[in-house]
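Chain by chain, the residues run as shown.
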Amino acid sequence: MIISRTPFRVSFFGGGTDYPAWYREHGGAVLSTAINKYCYITCRYLPPFHDFKYLIRYYRREEVRTLEEIQHPSVRESLRFMEIERGVDLVHHADLPARSGLGSSSTFTVGLLHALYALKHEMPTKRQLAINAIRVEQDRIGEHVGSQDQTAAAFGGLNRIEFGGVNEIAVTPLIVASERLERLQQHLMLLFTGLSRIASEVAKDQIAQISNRAQELRDMVGLVGEAEAVLTSKQDRLEDFGQLLDQQWRIKRRMSSRVSTSDIDAMYETARSTGALGGKLLGAGGGGFLLLFVRPEQQPRVAAALRKLLLVPTRFDHLGSQIIYYSHEDQHSGQH
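Rules behind the numbers
Residues numbered from 1 in each chain as written. Predicted model: local features only at pLDDT ≥ 70, side-chain atom pairs only at ≥ 80, totals over all residues. Heavy atoms only, no water. Buried < 20%, exposed > 50% of the residue type's maximum accessible area, 1.4 Å probe, protein only. Helix = DSSP H or I, 4+ residues; strand = E, 2+ residues; numbered from the N terminus. Contact = heavy atoms within 4.5 Å. Pairing = 2+ DSSP bridges. Core = buried A, V, L, I, M, F, W, Y, C linked by side-chain atoms within 4.5 Å. Axes fitted to C-alpha atoms, helices over the stretch in contact; angles between N-to-C directions.

Caption draft 1: Just helix 2 (residues 73-81), in detail. Of all the positions in helix 2, only Ser-74, Val-75, Arg-76, Glu-77, Ser-78 and Leu-79 are classed as buried. Where helix 2 is buried, its residues contact strand 3 (54-57), strand 5 (88-94), helix 3 (104-119) and helix 4 (126-141). Immediately beyond the C-terminal end of helix 2, within one or two residues, lies Glu-83, with a positive phi of roughly 55°.

See the structure below:
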């Protein structure tokens, strides 16, 4: 029996420059952090007492005999990628809802691959996990996803992630004084809008617009450097980070008409008028979680103005995807 635990992520700057259609020619960069909200995958070889080979439980339940019959694309293609021959029993649990802008689908793929590696008694590097999850999602499933979510989930931590070149991804942890890091976390509010969407569909529209949005994407990469300088400096006001978030959101809204809605715009303007210095909708857009940068003393006022939204307390995660339970005593019992 294996249990993997993999963090969701919050992307601050540079989202959109992590699509291969952009970074393979121009390069890209994001500034993001993993958070202490997790996807859990429980995995074991299926005992040989059933008339099916695969038992998969997420919001649906699948009992199927062949790999091709598996409807969950990430499960099907991850099992194929890892060349798992025997029957498998998989269960998925998560702290936060899917389709909410926190990279949940990629977090699932990273956690699943990690569990399958452990099932085969193998220990991948964080880089292997990230690259292989990118391959499964982009090449095998054909999802319209970037490359930042898999990387953030695998590595954990607060990082600048660069895309492009021969290595495809380069992860640089930000060296931030512990007191400043604590203050940053105290300034962040994560609110669930209650609106869900298929990120791949929103992203497809953004990818189609890439050639027309080169300046916006370059501006986003520029903000990554500016935000990194604010966090790693001892002099710069931390509030500048919030104002940069506001700039990022206004650029992102120009990327596609599907990034925001009138309801989301109203939520954001309410937050700004009651004390938020900046913020953004997380993920591809269209719904999910709203991230706000608010001075701690003004947060009760903002929360009251947005009381219809669910406030989710969160902290940064610094460990990335982990195997939190590993028992191989039943690994060789029964064959399919």
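Caption draft 2: Spatial organisation of the pairing of strand 10 (residues 289-294). Strand 10 sits mainly inside the fold: six of its six residues count as buried. Every second residue of strand 10 is oriented toward a common face, with Phe-289, Leu-291 and Phe-293 on one face and Leu-290, Leu-292 and Val-294 on the other, all of them buried. Of the strand pairs in this sheet, strand 9 (residues 276-281) and strand 10 are connected by five bridges, and their pairing is antiparallel. Residue pairing across strands places Leu-281 opposite Leu-290, the latter belonging to strand 10.

Caption draft 3: Representation of the nonpolar core. Within the largest apolar cluster, 81 residues are counted, with the highest numbers of intra-cluster contacts made by Phe-12, Phe-13 and Phe-241. Of all the elements, helix 3 adds the most residues to this core, at nine residues. Ignoring sequence-local partners within four residues, the contact set of Phe-12 consists of Leu-31, Ser-32, Thr-33, Leu-158, Leu-188, Phe-241, Leu-245, Gln-248, Lys-280, Leu-291 and Phe-316. Within the second largest apolar cluster, 16 residues are counted, among which are Leu-191, Tyr-268, Leu-281 and Leu-309.

Caption draft 4: Highlighting the sheet that holds strand 11 (residues 310-311). The strand order across the open sheet formed by four strands is 9-10-8-11, and the pairing between neighbours is antiparallel. Whereas interior strands pair on both sides, the edge strands pair on one side only; in this sheet they are strand 9 and strand 11. Relative to strand 10, strand 8 (residues 188-192) is paired through five bridges, and the arrangement is antiparallel. Note on strand 10: the bridge partner recorded for Leu-191 is Leu-290. Sitting on the sheet, helix 9 (residues 239-253) touches strand 9 and strand 10, and the angle it makes with strand 9 is about 40°.

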